[in-house]
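Each chain is listed here by its residues.
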Amino acid sequence: MLTKVCIHLAHEGYSVSVIGRTHTKFEFLHVQSPDHSIFPLIVDYDTDDVFVEIGKALEERGPFDLLVSWTPNYSLLEKVLEMNHATERFRVFHVKGSKRYFEDEPIQVPSECDYREIFLGFMVEEAESRWLTHKEIANGIINRIMTDEEGVIGQIHPYEARPR
C-alpha cells in the first residue's frame, strides 16, 4: 500500500530503501521511479535478518533523514531508529490503524528524531462507512510528509461508525 509513497519520494530525489520479501514486488517500483532511486532490501520483517540488511543499507548509503513505517512491531521500529546514528534531525512517519488512536503503547525514539503518527481511519458516504482505498492512504501519507504533520487520514469519530 505504500508503493505510491515510495514512487513519490523517489521522484522528489530521495534514495528509497524498501523492505520486502521478494524481488517481484520491486519491479514495478523500478519501472515507475528514476534510475538508482529504489533500493530493495529483500528480507522478512519477522527475522533478525532485517537488522542485517538495514545495517548494510545504512553502511552503503548513510543515515536516513526520512522513514515511513507501517509496522505494528514497535520494538522493531525502535531498533531501526537506534541503528540510524544520524548526526542531524530526521523524521519518522509511523502509519497506524484506527484502533491505535484509542489504544496505543508508547514508543521510544532518539532525541534527534521528529516522530509523527498517521492514523488511518475510514470514510462515511451517504450513511455508509468504508475503509480507505489504497489511493486515499497513499495520498494522505504523501500530504502528511509534504506538510510535515501528523494526524488522521479519513475520520476516526464516531468510532462506532467504522465498517464492520
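Higher on the page you've got the structure.
(A) Structural detail: the overall build of the chain. Regarding its fold elements, the chain presents six helices and eight strands. Its helices and strands taken in sequence order, the chain reads α-β-α-β-α-β-α-β-α-β-β-β-α-β from the N to the C terminus. In summary, the chain has a C-alpha radius of gyration of 16 Å against a globular reference of 15 Å for 164 residues, a match within 12%. Projected onto its principal axes, the C-alpha positions of the chain cover 50 × 35 × 30 Å. Buried positions account for 40% of the 164 residues belonging to the chain. Sequence separation of 24 or more characterises 55% of the internal contacts of the chain that already satisfy a separation of 6 or more. Accessible area for the chain stands at about 9800 Å²; split by element, carbon and sulfur atoms hold 50% of it. Measuring between centres, the 17 positive side-chain charges of the chain sit 4 Å from its 28 negative side-chain charges.

(B) Molecular detail of the sheet that holds strand β5 (residues 113-120). Spatial ordering of the open sheet is given by β3-β4-β5-β8, a layout of four strands whose pairing is parallel. Of all strands in the sheet, those with a lone pairing partner are β3 (66-69) and β8 (151-153), marking the two edges. The mean inter-strand angle of the sheet, taken between neighbouring strand axes irrespective of direction, is 20 degrees. As paired strands, strand β4 (residues 90-97) and β5 are joined by eight bridges and run parallel to one another. In the strand pairing of β5, Val92 is matched with Tyr115.

(C) Representation of the side chain of Ser37 within the structure. One can find Ser37 in the loop between α2 (24-32) and β2 (38-42). Residues contacting Ser37, with those up to four places away along its chain left out, are Ala10, Tyr14, Ser15 and Val16.

(D) A look at helix α4 (residues 74-83). Burial runs high along α4: seven of the ten residues are buried. Taken as a whole, α4 has its buried residues at Tyr74, Leu76, Leu77, Glu78, Val80, Leu81 and Met83. Looking at the buried residues of α4, the elements they touch are α3 (49-61), β3, β4 and α5 (99-102). Among the residues trailing α4, His85 stands out with phi positive, at a value near 50 degrees.

(E) Representation of the pairing of β5 within the structure. Of all eight residues that make up β5, six are buried, and the element is covered over most of its length. Bridge count for β5 against β8 is three bridges, and the pairing is parallel. Bridge pairing in β8 links Phe119 to Val152.

(F) Molecular detail of the packing of aromatic side chains. In the structure shown here, the tally under the stated rule is five aromatic pairs. An angle of 85 degrees between the planes, with centres 5.4 Å apart, marks the rings of Phe64 and Phe90 as edge-to-face. Within this pair, whereas Phe64 is found in the loop between α3 and β3, its partner Phe90 is found in strand β4, the two being separated by 26 residues in sequence. Exposure remark for Phe64: the relative accessible area of 17% places this residue in the buried category. Each ring, one from Tyr101 and one from Phe102, has its centre 5.1 Å from the other, and the planes form 75 degrees; the classification is edge-to-face. Assessed through its relative accessible area of 39%, Phe102 is described here as partly exposed. In this arrangement the basic side chain of Arg61 is found over the ring face of Phe39, its NZ or CZ atom lying 4.0 Å from the centre.

Cut-offs applied
Counting of residues starts from 1 at the beginning of each chain's written sequence and follows it residue by residue. Two thresholds apply to this predicted model, a pLDDT of at least 70 for residue-level local features and 80 or more for giving and counting side-chain atom pairs, whereas whole-chain, interface and lining totals are computed over all residues. In computing side-chain properties, one takes all heavy atoms of the structure into account and sets aside hydrogens as well as water. Here a helix means four or more residues in a row that DSSP labels H or I, a strand means two or more in a row labelled E, and each is numbered from the N terminus. Here the globule rule is a power law, 2.2 Å times the number of residues to the power 0.38, and the radius of gyration is based on C-alpha atoms. Relative accessibility decides the category of a residue: with a 1.4 Å probe and only protein chains considered, values under 20% of the type maximum give buried, values over 50% give exposed, and everything between is partly exposed. Note on contacts: a residue pair is in contact if any heavy atoms of the two residues lie within 4.5 Å. Here the open area of atoms and residues is found with the Shrake-Rupley method and a 1.4 Å probe, where only the protein chains shown may cover a residue. Charge counting treats Lys and Arg as positive and Asp and Glu as negative, with His and both chain ends excluded. Charged side chains are reduced to one point each, which is NZ for Lys, CZ for Arg, CG for Asp and CD for Glu. One requirement defines pairing of two strands: DSSP has to find at least two bridges between them. Under this scheme, a helix contributes an axis fitted over its contacting stretch, all axes are lines through C-alpha atoms, and angles between N-to-C directions fall in the 0 to 180 degree range. Stacked, edge-to-face and tilted are the three classes for Phe, Tyr and Trp ring pairs, Trp counted by its six-membered ring, which pair at centre distances within 6.5 Å; planes under 30 degrees apart are stacked, over 60 edge-to-face, the rest tilted. Each ring is checked for a lysine NZ or an arginine CZ that lies within 6 Å of its centre and within 35 degrees of its normal; such an atom marks a charge sitting over the ring.

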